[in-house]
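# A look at the structure
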Amino acid sequence: MPDNTVDDDFVIAKHYSRRNFVKLLKLAYRNLFRNKRRSFFAILIAASGCTALSIAIGYYSFSIYSLQELTIRNGFGGSSGSGHVQVFDKRVGEQSEERTMEFGLDGVKGLIETIKKDADVDYVLPRIEFGGLISNGDKSVPFKGFGVEAEKEMQLWGGLSEINPRLKLGEQLQPLKSGKQGIILGSALANSLHAKIGDMMMMYSTTVDGAINGADVELLGIMSTGVSETDKYYLLTNIGVAQKLTNSSKISLLSVMFKNRKHFDDKVQSLQSYLEKNSSAQNFKLVPWYEQAAFYISIRDIFNIIFSFMGSIILVIVLLSCWNIMNMTTMERIKEIGTLRAIGLSIKNISAIFMLEAFLIGVIGVVIGMSVQLIASRIINALQIIMPPVPGMSRPYTLQVYAATWFHPLIAIGIIIAITVSSFSSLIIIKRFSIVGSLEHT
Amino acid sequence: MPSETLVQLENISRKYYLDKTEICALDNVSFQIHKADFVVLAGPSGSGKTTLLNIIGCIDKPSQGKVFFEGTDITNTPIEKLNHLRLKNIGFIFQSFNLIPVLTAFENVELPLLFKGLDDKTIKNLVEKFLHRVGLMDKINEKPSNLSGGQRQRLAIARALAGNPSLIVADEPTASLDRKNAESIIELLRELNDEFGVTIVLASHDPMIIEHSRTKLFMRDGQLVSE
Ligand SMILES: Nc1ncnc2c1ncn2[C@@H]1O[C@H](COP(=O)(O)OP(=O)(O)OP(=O)(O)O)[C@@H](O)[C@H]1O
Ligand SMILES: [Mg+2]
């Protein structure tokens, strides 16, 4: 008798499951070269899906980041940018003001100096928000006004050119630096008053004492805020002009810009406690940008829905296409499957070969897809493609794709899982045939 | 004549249904296969040789009757549960060799052994021993596509034999080979039968094979007939 005695207990085979796994993986790898054209198509599908998803997520992350920066630096739907965090009197939003500037911030100079000492803070923008009427002598129209420090506001707005070099928003504020007592009007507002640059106009508002006050101002500039609705009532002036009109040295709020947005909530928290310690005169409320970004949040939510939907569709398409390919691959090898089953390999082991094949296709596809994505997104960014304005906005923008590397592992896993799952089609076919049936299949 | 029974079939029938018409591929067949025997199933095309061989090889079930393998009644064990039994006890040789084209000669023989829980060294020794035995040591790293028909069937024999089965079933093992190769394959199988005491059951209508076999079973219309 031969000496190759085999232990009765097949549990022993489990000791070698890792070795056998490696062997099956090797077999699966070689199987990829059997029908090169088909494997090529499967890999192409995996790679395309991966590229599509990673470019989509790159575009998504560009869009989201742009929206965030727009919210912070330029604002949506009715105000200028919020800055990273706004400092108010604690009563703002909790009680309503009886008089103009009742809850304004006092001792602004000292307060700004204090805040600036926080190491994370880049710069601080004082602002006055006020309302009133603007008149050309014949016609008076209500406005919503912002008294700003032009220099700092330009820095805030100008930061957007980092996202989009075509956006030179800071320059719109240039006229305020002329030293004249003047204003900038939203384009629609200027239109309705038939006002041209250089015209003298009357601006009315209420003072802190409740009296009506007026000021002669020169129209220094006309601008588009990017939101057509806002352009109808938008007025911008130097903080000094607004203070004189309201007859107060107070301001409405301070907008604070950090050097960057890393560990954002910690920074807000530490600024809050810092202010509590160093400025006992007043109680403050700090509002981070996203708490007053309803427009941003609604767009983001829509984006999330659209992109999740798109992503799922891509994954489903990848899965179904590969399902088909695995079907053909399995049918082509049905006789071989019968042989392996006759020899004594379990269905589990045999379908593992197909699963590993699909897995390898997924892995190779992901590697190729990611590389293509790297190149493709560079090309897209270099092309500086101009996109039409988003609905409700009046500015076109330059299409960009961000790296979004944080999301790439998820895409890779998604694609690999989708393709591996597609190999269940093999299992279904293997189970559909009897051993004899698969052996006789031609 | 060896006496111990390896496979016992009792009143085996195997029916197929094609559009409601019943085809009786095997009709009440009973016989035993003795250990270390060299059996040929002969008979005209369609007489039920392959059907019977499949049942003996435990890859098919009879519609009626009982099957015993080494004394164990496996009639009611589902085919899929018999894969350990086949892995351990049965080797297969096919008419068209059925080798795995992407695996080398070594790997083809190795594959079933991997799943028997043998260690690497034992496997290597076994593979080399049997490749040597069938005269393919110089082709050890060749893929089946680089082998001749005769060499491919030798490789298949090495694969079937390396796991030390008690039974080898071979359905028309020489039908794809020329005369010379067919003869040498049969000669090899006879030698291995003597050398290792492995039971061999062949289906064939090749007179040369029938002549070389120890036990000859003739079939006609799904029944065993005396010559
Ligand atoms: N899957 C099947 N479905 C229906 N009938 C079948 C099937 N397999 C075999 N048969 C029938 O069973 C009978 C026996 O077939 P089998 O293949 O066992 O014959 P065989 O003796 O091996 O013939 P050959 O020498 O041609 O290989 C034949 O009539 C055949 O048509
Ligand atoms: Mg046959």
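Residues numbered from 1 in each chain as written. Chains lettered and ligands numbered in written order. Predicted model: local features only at pLDDT ≥ 70, side-chain atom pairs only at ≥ 80, totals over all residues. Heavy atoms only, no water.

## Considering the site of ligand 1
Residues and elements named next belong to chain B. Heads up, the rule is: Proximity is defined per residue: if any heavy atom of the residue lies within 4 Å of a molecule or strand, that residue is considered near it. Between N or O atoms, a polar contact is any pair within 3.5 Å; within protein, one atom must be a potential hydrogen donor and the other a potential acceptor, and residues adjacent in sequence are included only when both atoms are from side chains. In short, Shrake-Rupley with a 1.4 Å probe defines the accessible areas, and a residue's cover is counted only from the protein chains shown. Secondary structure is summarised from DSSP: a helix means a run of H or I of at least four residues, a strand means a run of E of at least two, and numbering begins at the N terminus for each. We call Asp, Glu, Lys and Arg charged. Ala, Val, Leu, Ile, Met, Phe, Trp, Tyr, Cys and Pro are nonpolar, and the rest, Gly among them, are polar.
Taken together, 14 residues lie near ligand 1, and Ser45, Gly46, Lys49, Thr50 and Thr51 sit nearest. The side chain of Thr51 places a nitrogen or oxygen atom 2.5 Å from an oxygen atom of ligand 1. Within the contact set of ligand 1, an oxygen atom lies 3.5 Å away from a side-chain nitrogen or oxygen of Glu172. In the complex, 69% of the free accessible area of ligand 1, which totals 630 Å², lies under the protein chains. Of all elements in the fold, only strand 1 (5-18), strand 2 (21-34) and helix 1 (49-56) reach the threshold of two or more residues within the shell around ligand 1. Among the elements that line the shell around ligand 1, the one with the most residues is helix 1, at three residues. Looking at the shell around ligand 1 residue by residue, the class counts come to five nonpolar, seven polar and two charged.

## Things to note about the sheet that holds strand 7 (residues 167-171) of chain B
Residues and elements named next belong to chain B. This is how it is decided: DSSP-based pairing: two strands are paired if at least 2 bridges between them are found. Structural elements are reduced to axes, namely lines fitted to C-alpha atoms, with helices fitted over the stretch in contact, and the angle between N-to-C directions of any two is expressed from 0 to 180 degrees.
Ordered in space as 6-7-8-3-9-10, the six strands form an open sheet in which the pairing is mixed. Each edge of the open sheet carries a strand with a single partner, namely strand 6 (90-93) and strand 10 (223-225). Adjacent strand axes in the sheet meet at a mean angle of 25° when their direction is disregarded.

## Overview of the side chain of B:Ser213
All names here are of chain B. Stated precisely, the cut-off is as follows: Note on exposure labels: buried denotes an accessible area under 20% of the residue type's maximum, exposed denotes more than 50%, and partly exposed covers the range between, all computed with a 1.4 Å probe on protein chains only. In this description, contact between two residues means that some pair of their heavy atoms is separated by no more than 4.5 Å.
Counting through the fold element by element, Ser213 comes out in the loop between helix 7 (207-212) and strand 9 (215-220). A relative accessible area of 5% means that Ser213 is categorised as buried. Within the structure, Ser213 has its side chain in polar contact with the backbone oxygen of Ile209 (distance 2.9 Å). Apart from residues no more than four positions distant in its own chain, Ser213 is found in contact with Phe38, Val40, Arg190 and Leu202.

## A look at the pattern of salt bridges
The condition that has to hold: Criterion for a salt bridge: a side-chain nitrogen of Lys or Arg within 4 Å of a carboxyl oxygen of Asp or Glu.
In the structure shown here, the tally under the stated rule is 28 salt bridges over all chains. Measuring nitrogen to oxygen at the nearest pair gives 2.7 Å for the salt bridge that ties A:Glu69 to A:Arg73. Residue A:Glu69 and its partner A:Arg73 are both found in helix 2 (residues 36-73); the two are separated by four residues, about one turn of the helix. Residue A:Glu69 is classed as buried on the basis of its relative accessible area of 6%. A:Lys180 is paired through a salt bridge with A:Glu218; the nearest N and O atoms lie 3.8 Å apart. With A:Lys180 in the loop between helix 4 (150-158) and strand 4 (182-186) and A:Glu218 in strand 6 (residues 212-223), the pair connects residues that are 38 residues apart, well separated along the chain. Residue classification places A:Lys180 among the partly exposed residues on the basis of a relative accessible area of 44%. A relative accessible area of 18% places A:Glu218 in the buried class. Via salt bridges that share partners, A:Lys26, A:Arg30 and B:Glu107 belong to a single interconnected network.

## Let's talk about the packing of aromatic side chains
Two aromatic rings are characterised by how far apart their centres lie and by the angle between their planes. Applied cut-off: Any two of the Phe, Tyr and Trp rings considered here, Trp counted by its six-membered ring, make a pair once their centres fall within 6.5 Å; the pair's planes then place it as stacked at under 30 degrees, edge-to-face at over 60, or tilted in between. Both a distance and an angle decide whether a charge sits over a ring: NZ of Lys or CZ of Arg must be within 6 Å of the ring centre and within 35 degrees of the ring normal.
Inspection of the entire model under this criterion finds 18 aromatic pairs over all chains. A centroid spacing of 6.0 Å and a plane angle of 10° characterise the contact between B:Phe92 and B:Phe94, whose relative ring orientation is stacked. The burial state of B:Phe92 is the same as that of B:Phe94; both residues are buried. Put simply, the rings of A:Tyr59, A:Tyr60, A:Phe62, A:Tyr65, A:Phe303, A:Phe307 and A:Tyr402 touch in pairs and so form one group of aromatic residues. In this structure, B:Arg14 is placed above the aromatic ring of B:Tyr16, and the distance from its NZ or CZ to the ring centre is 4.4 Å. Above the plane of the ring of B:Phe38 lies B:Arg190, whose end atom (NZ or CZ) is 4.9 Å from the centre.

## Quick look at the sheet that holds strand 4 (residues 64-69) of chain B
Residues and elements named next belong to chain B. Read from one edge to the other, the open sheet built from four strands follows the order 2-1-4-5, with strand pairing classed as antiparallel. The sheet is open, and its two borders are formed by strand 2 and strand 5 (72-73), each paired with just one other strand. In the sheet, strand 1 pairs with strand 4 via five bridges, with the strands oriented antiparallel. Of the residues in strand 4, the one forming a bridge with Glu10 is Lys66.

## Digging into the pairing of strand 7 (residues 234-238) of chain A
Each regular strand shows side chains that alternate between the opposite faces of the sheet. Residue and element names in this part refer to chain A. Of all five residues making up strand 7, five are buried, and the element is well covered by its neighbours. Across five bridges, the pairing between strand 3 (residues 140-148) and strand 7 is parallel. Bridging from a neighbouring strand, Val148 pairs with Asn238 of strand 7. Sheet analysis places strand 4 next to strand 7, joined by three bridges and oriented antiparallel. Paired with Ile184 across the bridge in strand 7 is Leu236.

## Comments concerning a nonpolar patch on the surface
How we decide: To count toward a patch, a residue needs a relative accessible area over 30% and no salt bridge; like charges are then connected within 9 Å, while nonpolar side chains (Val, Leu, Ile, Met, Phe, Trp, Tyr) are connected within 5 Å.
There is a patch of nonpolar side chains on the surface, built from A:Leu374, A:Ile375, A:Ile379, A:Leu383 and A:Ile385 and spanning about 470 Å² of accessible area. With respect to the helices, strands and loops of the structure, A:Leu374 is situated in helix 10 (residues 347-383).

## A word on the confidence of the model for chain B
Detailed reading of the predicted coordinates is not advisable wherever pLDDT is low. Heads up, the condition is: A residue's pLDDT is the confidence the predictor assigns to it, expressed on a 0 to 100 scale.
Scored by pLDDT, chain B comes out at a mean of 94, with 98% of its residues at no less than 70. Taken over the whole predicted complex, pTM reads 0.85, whereas the ipTM for its chain interfaces reads 0.96.

## Quick notes on the interface of chain A and chain B
Applicable threshold: Buried area: the accessible surface (1.4 Å probe) lost by two parts on joining, summed over both.
In this assembly, 35 residues from chain A lie in contact with 39 residues from chain B. Each partner contributes to the roughly 3,400 Å² buried at the junction of chain A and chain B, and carbon and sulfur atoms together form 62% of this total. The interface formed by chain A and chain B contains five salt bridges. The partner of A:Arg30 in a salt bridge is B:Glu107, with the nearest N and O atoms 2.6 Å apart. For the interface between chain A and chain B, the tally reads 13 residue pairs in polar contact (both at pLDDT 80 or more). At eight residues, helix 1 (residues 17-31) of chain A tops the list of elements feeding residues into the side of chain A that touches chain B. Taken together, the residues that form the side of chain A that touches chain B break down as 17 nonpolar, eight polar and ten charged.

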